[in-house]
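What follows is each chain in one-letter form.
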Amino acid sequence: MQESQHTQPFQITEVWARNFRSIANTSVELDRLTVLVGPNAAGKSNVLDILRFIKDALRFDLEAAISLRHGPEAIQHRTVEDQTSDVELGLSAREGSGKVRYSLKYSFVLVVDNDGGFHVGQEYVRVRPRGLGKPFEIRIEEGRLIQFEWQSSASDGPRLVQHADRHDFSTSDLWLLDTPRTWWMRDQKPQPEWDEVRHCLRHFHHRMRETRFYHVFPNTLREPRRVEGAYPLAEDAGNLASVLRVMKRRDPFMMSGFGNSLSLLIPGVIDLDVDSVGGYLVVRLKHQSGRDGTWIDLSQESDGTIRLLGLLVALFQPGRLSLMGIEEPELTVHPGAMALLANLLNEASQRYQVIVTTHSPDLIDYLTDHRITENLRIVELVDGVTVVRGVADSQREAVQRHLFSPGELHRMGELESPHE
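So, how was this worked out
- Residues numbered from 1 in each chain as written.
- Predicted model: local features only at pLDDT ≥ 70, side-chain atom pairs only at ≥ 80, totals over all residues.
- Heavy atoms only, no water.
- Helix = DSSP H or I, 4+ residues; strand = E, 2+ residues; numbered from the N terminus.
- Buried < 20%, exposed > 50% of the residue type's maximum accessible area, 1.4 Å probe, protein only.
- Contact = heavy atoms within 4.5 Å.
- Axes fitted to C-alpha atoms, helices over the stretch in contact; angles between N-to-C directions.
- Parallel < 35°, antiparallel > 145°, perpendicular 65-115°, else oblique.
- Left-handed = near helix turned anticlockwise from the far one by under 90°.
- Nonpolar A, V, L, I, M, F, W, Y, C, P; charged D, E, K, R; others polar.
- Core = buried A, V, L, I, M, F, W, Y, C linked by side-chain atoms within 4.5 Å.
- Phe/Tyr/Trp six-rings, centres within 6.5 Å; stacked < 30°, edge-to-face > 60°.
- Patch = residues over 30% accessible without salt bridge, like charges linked within 9 Å, V, L, I, M, F, W, Y side chains within 5 Å.
- Areas by Shrake-Rupley, 256 points an atom, 1.4 Å probe, with all protein chains shown as cover.
- Salt bridge = Lys/Arg side-chain N within 4 Å of Asp/Glu carboxyl O.
- Pairing = 2+ DSSP bridges.

1. Remarks on the overall build of the chain
Now for step 1: The helix and strand tally for the chain stands at 13 helices and 17 strands.
Now for step 2: Within the chain, the proportion of its 420 residues that are buried is 52%.
Now for step 3: In the chain, of all internal contacts separated by at least 6 residues, the share reaching a separation of at least 24 is 59%.

And the structure:
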């Protein structure tokens, strides 16, 4: 039975960008499990980075989000004439479970100054708490409050519009960054509606901070590590040893499922342990060898084994996540274990939203049950610009008629989007 929209967990339903990296202007609809398919350098990682940038800006601040990407010029899309333009990022989301239920649209525009600096040119929020039945909308341009209103479907419904000639907000950072901690309505008397809106915005802020994007690099995990915070698993998996140690101590039942998956994905591995040596944590895997087996620490394991271990910890980690992005999870996975990996990703999408980038025809088939194309997004580079679309009607029909599977079309180079 399909879930009612009133019981659905948090989900980002659409993401868009303008003049961001290789993206000139595109929007992408997202499902609970979305599969981004396309050749190398088409821009799949840049699509994920739209969400990651928004998360970084709300978790830290704009300066940190831009610095992590090597400055404003590095995130701007350049035209053929080598001209740059303002950068816009945005998303739509909804939450229909628990006590907080709302729909939301959020976007902001970054203006890159001539001296290489930047400022917020515009920020827009539209949130509709389910209990109120009417949306709240705010628009800030160049630090000025341009529009703030309650809207109603009824012509005589509540409506408040303010226009400000003074600078109400700083243009160096996002208004939404501080909204969960403070409320800016200095000149208004507190009303229940404001509290409801603030509660929804705070909830959305937390959900964005709970997103994670993983592309595990083995060299990060080879050496012993100091004890670090256990949850969540860092995006570079640097705290993997700390996470594993807590998982083993607190949840033996979950570790049983983790161990079974580990043995299936990495044949010959039958156990795992985390030792404390001189204030450092050392992860060791037990390999089937002789009667008692052989313990080997990660410094001696292959890149593929370490990467799979990091991927499994990401999928099995306890704690709350709202969205997980994983780049090319099929790397180093034996084709015979691809079905298990797909099952783990499908199970994860029941707990939180999952976005996967992949080149693997086998993984595409297992994730789509060989016959579904609705959650596939084709990412292509057209004249130097990233374009994202759904599957072309002709390919969709071929899959529905069981002539080909999505993976077979991808293997033949014929899984493509409709061209304008």
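After that view of the structure, there is still more to cover.
2. Some words on the packing of helix H9 (residues 303-316) against helix H10 (residues 338-348)
Now for step 1: In contact at an axis separation of 10 Å, H9 and H10 are set at 30 degrees when each is read in the N-to-C sense. Relative to H10, the element H9 lies roughly parallel. Note that H9 runs across H10; the crossing there is left-handed. On H10, the residues that touch Leu311, Leu312, Leu315 and Phe316 of H9 are Leu341, Leu344, Leu345 and Ala348.
Now for step 2: Its residues assigned to classes, the contact of H9 with H10 comprises eight nonpolar, no polar and no charged.

3. As for the nonpolar core
Now for step 1: With 59 residues, the main nonpolar core has Phe258, Leu309 and Leu315 as its most contacted residues.
Now for step 2: The biggest single contributor to this core is H9, with nine residues.
Now for step 3: Residues contacting Leu309, with those up to four places away along its chain left out, are Leu240, Leu244, Phe258, Leu262, Leu272, Val283 and Leu298.
Now for step 4: If you look at the next biggest cluster of nonpolar residues, it comprises 57 residues, including Val15, Leu48, Tyr106 and Phe108.

4. Quick notes on the packing of aromatic side chains
Now for step 1: Under the defined criterion, the tally for this structure stands at six aromatic pairs.
Now for step 2: On the basis of an interplanar angle of 35 degrees and a centroid distance of 6.4 Å, the ring pair of Phe53 and Phe108 is categorised as tilted. Of this pair, Phe53 sits in helix H1 (residues 44-59) while Phe108 sits in strand S5 (residues 102-112), and the two are 55 residues apart along the sequence.
Now for step 3: Relative accessible area serves as the criterion here: at 1%, Phe108 is assigned to the buried category.
Now for step 4: Between Phe258 and Phe316, the aromatic rings sit 5.6 Å apart at their centres with planes inclined by 90 degrees, giving edge-to-face as the arrangement. Residue Phe258 is found in helix H8 (residues 252-265), and its partner Phe316 is found in helix H9; the two are separated by 58 residues along the sequence. One exposure class covers both Phe258 and Phe316, and it is buried.
Now for step 5: Put simply, the rings of Phe10, Phe20, Phe53, Tyr106, Phe108 and Phe204 touch in pairs and so form one group of aromatic residues.

5. Re a nonpolar patch on the surface
Now for step 1: There is a patch of nonpolar side chains on the surface, built from Leu403, Phe404 and Met412 and spanning about 270 Å² of accessible area.
Now for step 2: Met412 sits in the partly exposed class, given a relative accessible area of 42%.

6. Examining unusual backbone geometry
Now for step 1: Look at the link from Tyr231 to Pro232: it is a cis peptide, with omega at -5 degrees.
Now for step 2: Within the secondary structure, Pro232 sits in the loop between strand S10 (225-226) and helix H7 (240-250).
Now for step 3: One non-glycine residue, Ala237, lies in the positive phi region at around 60 degrees.
Now for step 4: Classification of Ala237 as buried rests on a relative accessible area of 0%.
Now for step 5: Although it is not a glycine, His402 sits at a positive phi angle of roughly 60 degrees.
Now for step 6: Structurally, the position occupied by His402 is in the loop between helix H12 (393-400) and helix H13 (406-411).

7. A short note on the side chain of Ser261
Now for step 1: Within the element layout of this structure, Ser261 appears in helix H8.
Now for step 2: Once you skip the residues sitting within four places of it in the chain, Ser261 turns out to touch Leu312, Phe316, Leu340 and Leu344.

8. Some details on the sheet that holds strand S16 (residues 376-382)
Now for step 1: With mixed pairing, the six strands of this open sheet are ordered in space as S9-S14-S15-S3-S16-S17. Of all strands in the sheet, those bounded by a partner on one side alone are strand S9 (211-214) and strand S17 (385-389). Across the sheet, the mean angle from the axis of one strand to that of its neighbour is 20 degrees, orientation sign disregarded.
Now for step 2: Taken together, the three bridges between strand S3 (residues 33-37) and S16 define a ladder with parallel strand orientation. Paired with Leu36 across the strands is Arg377, a residue of S16.
Now for step 3: Packed onto the sheet, H1 meets S3, S9, strand S14 (323-327), strand S15 (353-358), S16 and S17 and runs at close to 140 degrees relative to S9.

9. Overview of the packing of H10 against helix H11 (residues 361-368)
Now for step 1: Where H10 contacts H11, the two axes come as close as 9 Å, and the packing angle between them is 45 degrees. Our classification of the angle between H10 and H11 gives oblique. Note on packing geometry: the crossing formed by H10 with H11 is right-handed. Within the contact between the two elements, H10 uses Met338, Ala339, Leu341, Ala342, Leu345 and Asn346 and H11 uses Asp362, Leu363, Tyr366 and Leu367.
Now for step 2: Taken together, the residues of the contact of H10 with H11 break down into eight nonpolar, one polar and one charged.

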